[in-house]
Amino acid sequence: MFGYAAHEAQGRALHDLLAPERFLGDFHTGFSHFKDSGEGPAVGKTLELAAVRKDGTEFPIELSLSAINRDGVWNAIGIIRDITERKQAEDALLRANRALKTLSAGNLALVRAANEDELRGRSRASS
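Read on for a plain summary of the structure.

Thresholds applied
Residue positions are given per chain, counted from 1 along the sequence in the order it is written. Under the rules for a predicted model, residues below a pLDDT of 70 receive no local features and side-chain atom pairs below 80 are neither given nor counted, while totals for whole chains, interfaces and linings still include all residues. Only hydrogens and water are set aside; all other atoms, that is, all heavy atoms of the structure, feed into the side-chain values. Note on pairing: two strands pair once DSSP finds at least 2 bridges between them. For helices the rule is a DSSP run of H or I covering at least 4 residues; for strands it is a run of E covering at least 2, with both sets numbered from the N terminus onward. Between 30 and 60 degrees the pair is tilted, below 30 it is stacked and above 60 it is edge-to-face, where a pair is any two Phe, Tyr or Trp rings, Trp via its six-membered ring, whose centres lie within 6.5 Å. Throughout this description, buried means an accessible area under 20% of the type-specific maximum (1.4 Å probe, protein chains only), exposed means over 50%, and partly exposed covers the range between.

This part covers the pairing of strand β3 (residues 73–82). When strand β2 (residues 58–70) meets β3, the two strands line up antiparallel, connected through 10 bridges. Bridging from a neighbouring strand, Ile61 pairs with Asp82 of β3. The hairpin turn running from β2 into β3, its antiparallel successor, is 2 residues long, and Asp71 in that turn takes a positive phi close to 55°.

Moving on: the packing of aromatic side chains. With the rule as written, the count across this model stands at 3 aromatic pairs. Seen in terms of ring centroids, Phe2 and Phe59 are 5.6 Å apart; in terms of plane orientation they differ by 55°. Their pairing is tilted. Here Phe2 is found in the segment before α1 (6–9), whereas its partner Phe59 is found in strand β2, with 57 residues between them in sequence. Both residues of the pair, Phe2 and Phe59, belong to the buried class. Centre to centre, the rings of Phe31 and Phe34 are 6.0 Å apart; their planes meet at 20°, and the pair counts as stacked. Remark: Phe34 and Phe31 occur in helix α3 (residues 24–37); sequence separation between them is 3 residues, near one turn of the helix. Linked through ring pairs, Phe27, Phe31 and Phe34 together constitute an aromatic cluster.

Below, the structure written as structure tokens:
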């Protein structure tokens, strides 16, 4: 999903590879708190975020995180899903809904207009 071979990612902090640079400062602040407490704003939640591929392109992901304490050390277990297709479908649906609302408004204007002048927004007195 991210474009890295296993040997390129092994031993590296995945968040530094996958998170957009503009979010790294906030991440490091939150991660420091997580290491101490096992708590954080993303723990126990499913969030929609941006991620970065090896080639630098951003794409939308869904991230679900859980915390586990092993031998006194907090670790995060996460599931990441590429939600590009879902976001594209949501955008297409929004565009279709806007088009239908516009069509509906036009149809309503046609039905309510008694004559061509009313349809154009002019009264007979102003003609």
